[in-house]
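Analysis of the macromolecular model
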Amino acid sequence: MGKKRWDDLTLEVHDGVEQQLGAKVEEVQDCPGTADFSGVVHTKHGAVFVKAVSQDEHSQTTARAEEQRLNKFLPGTAPRVLWLRQNMNWAITGYEFVPGRCARLQPGSGDVRTVVKLLADLAVPEVKGSLYFDSLGARWSIESSWRTLSTNHMHRLTAWDRENIAQSVDMELYVCDVLSAGTGIAHGDVSESNILIDRNGFPRIVGWTWAARSPAWVDAAIIAVRLVEAGYTPEEAESIVSAVPAWAYASATSLDAFAVALLGRWILKSRQPSLTDAARQYAQYRLYDAPGAKHRA
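Presented here is an overview of the structure given in this document. (Residues numbered from 1 in each chain as written. Predicted model: local features only at pLDDT ≥ 70, side-chain atom pairs only at ≥ 80, totals over all residues. Heavy atoms only, no water.)

Topologically, Ala 230 is positioned in helix α8 (residues 218-230). For the pair Ala 230 and Ala 91, spaced 139 residues apart in sequence, the C-alpha separation works out to 34 Å. Contacts of Ala 230, omitting those with residues within four sequence positions, involve Leu 105, Gln 106 and Pro 107. (Helix = DSSP H or I, 4+ residues; strand = E, 2+ residues; numbered from the N terminus. Contact = heavy atoms within 4.5 Å.)

Printed below as a string of structure tokens:
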């Protein structure tokens with residue numbers, strides 16, 4: 001981003017915060033993220049978390065507008081959307097500031113049990129208002145990661161990916177139907193960086209912009225891969241997330257297909273090789289080593 005455009009964005013963020021809180025901006029702490037600007041903005045009246053995206057990014061700005069409308073249906077532990085300010089250039093969203101440190105998922109961390117308990121509390125099979133959210137199945141069906149990879153990005157695939165690509169495309173189609181039938185709400189991108197734990201050990205998940213209607217087990221299945229990335233074996237990871245009651249409602253075939261579909265999405269979109277490697281390791285476990293896998297194959 002050019003300096004003038006960055007200066008314009010900074011001015012918009014400051015103006016928006018000062019109008020909402022009635023106090024001058026005293027400090028800004030930048031935070032990494034996918035938005036053009038993400039950070040904690042401090043004033044004498046308190047702090048807010050702010051994200052700003054360019055109006056050129058239509059999918060991003062549309063999602064921010066929907067987030068403001070749907071925020072009331074999210075779990076009580078989700079940060080509240082305080083305002084959305086839009087002009088010709090920017091969409092700027094102010095959120096409740098959630099203090100805390102990022103969760104640690106490495107083996108031996110006491111945070112793992114805390115995170116699993118939080119996911120168990122959030123994994124509600126039927127959530128009031130879930131029908132107002134986009135279906136995760138419909139969203140994934142439109143994007144079709146494995147079909148995109150098979151036609152335009154074969155160079156990104158390993159030999160194993162290429163050997164199994166026809167099966168992966170079919171499994172992606174299958175799981176989209178499964179996901180479309182869900183009536184819960186999934187965060188869809190749970191990770192160490194968006195699970196914050198305060199000084200009293202209370203956890204909250206932030207970053208709900210892309211929340212979607214889905215089966216209640218989805219976030220537990222995503223955390224399983226994150227646990228593999230953190231150093232657990234796939235079998236250990238599944239043993240941990242099985243403490244989420246909704247996990248028992250997922251069929252083995254659905255979990256297989258979800259793992260494969262998630263791998264495709266992260267090959268296509270993730271810039272973290274360790275995450276893609278963990279997703280591949282987990283998908284291979286589901287297909288070949290999980291209980292009953294050889295029979296399903």
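Attention shifts here to the sheet that holds strand β8 (residues 195-197). Taken in spatial order, the three strands make up an open sheet running β6-β8-β9, and their pairing is antiparallel. Taken across any chain shown, the strands that pair with only one partner, and hence form the sheet edges, are β6 (101-102) and β9 (203-205). Pairing of β8 with β9 involves three bridges; the strand directions are antiparallel. Bridge assignment links Leu 196 to a residue of β9, and that residue is Arg 204. (Pairing = 2+ DSSP bridges.)

To continue, consider the packing of aromatic side chains. Summed over the entire model, instances satisfying the criterion amount to six aromatic pairs. Relative to Tyr 132, the ring of Phe 73 lies with its centre 5.1 Å away and its plane at 20 degrees, an arrangement referred to as stacked. In this pair, Phe 73 sits in the loop between α2 (58-70) and β4 (81-86) while Tyr 132 sits in the loop between α3 (111-122) and α4 (136-143), placing the two residues 59 residues apart along the sequence. The structure contains a cluster of three or more aromatic residues connected by ring pairs, namely Trp 140, Trp 217 and Phe 258. (Phe/Tyr/Trp six-rings, centres within 6.5 Å; stacked < 30°, edge-to-face > 60°.)

For the rest of this paragraph, the subject is the pattern of salt bridges. Applying the stated criterion across every chain, the model contains 15 salt bridges. A salt bridge links Lys 269 to Glu 143; its shortest N-O distance comes to 3.3 Å. Placement of the pair is Lys 269 in helix α10 (residues 252-269) and Glu 143 in helix α4, with a sequence separation of 126 residues. Classification of Lys 269 as partly exposed rests on a relative accessible area of 45%. (Salt bridge = Lys/Arg side-chain N within 4 Å of Asp/Glu carboxyl O. Buried < 20%, exposed > 50% of the residue type's maximum accessible area, 1.4 Å probe, protein only.)

Across the sheet, five strands lie side by side as β1-β2-β3-β5-β4; this open sheet has antiparallel pairing. Unpaired on one side and paired on the other, β1 (25-30) and β4 mark the two borders of the sheet. Pairwise comparison of adjacent strand axes, ignoring direction, gives a mean angle of 25 degrees for this sheet. Pairing of β1 with strand β2 (residues 37-43), which is carried by five bridges, proceeds in the antiparallel orientation. Within β2, the residue paired with Gln 29 across the bridge is Val 40. (Axes fitted to C-alpha atoms, helices over the stretch in contact; angles between N-to-C directions.)

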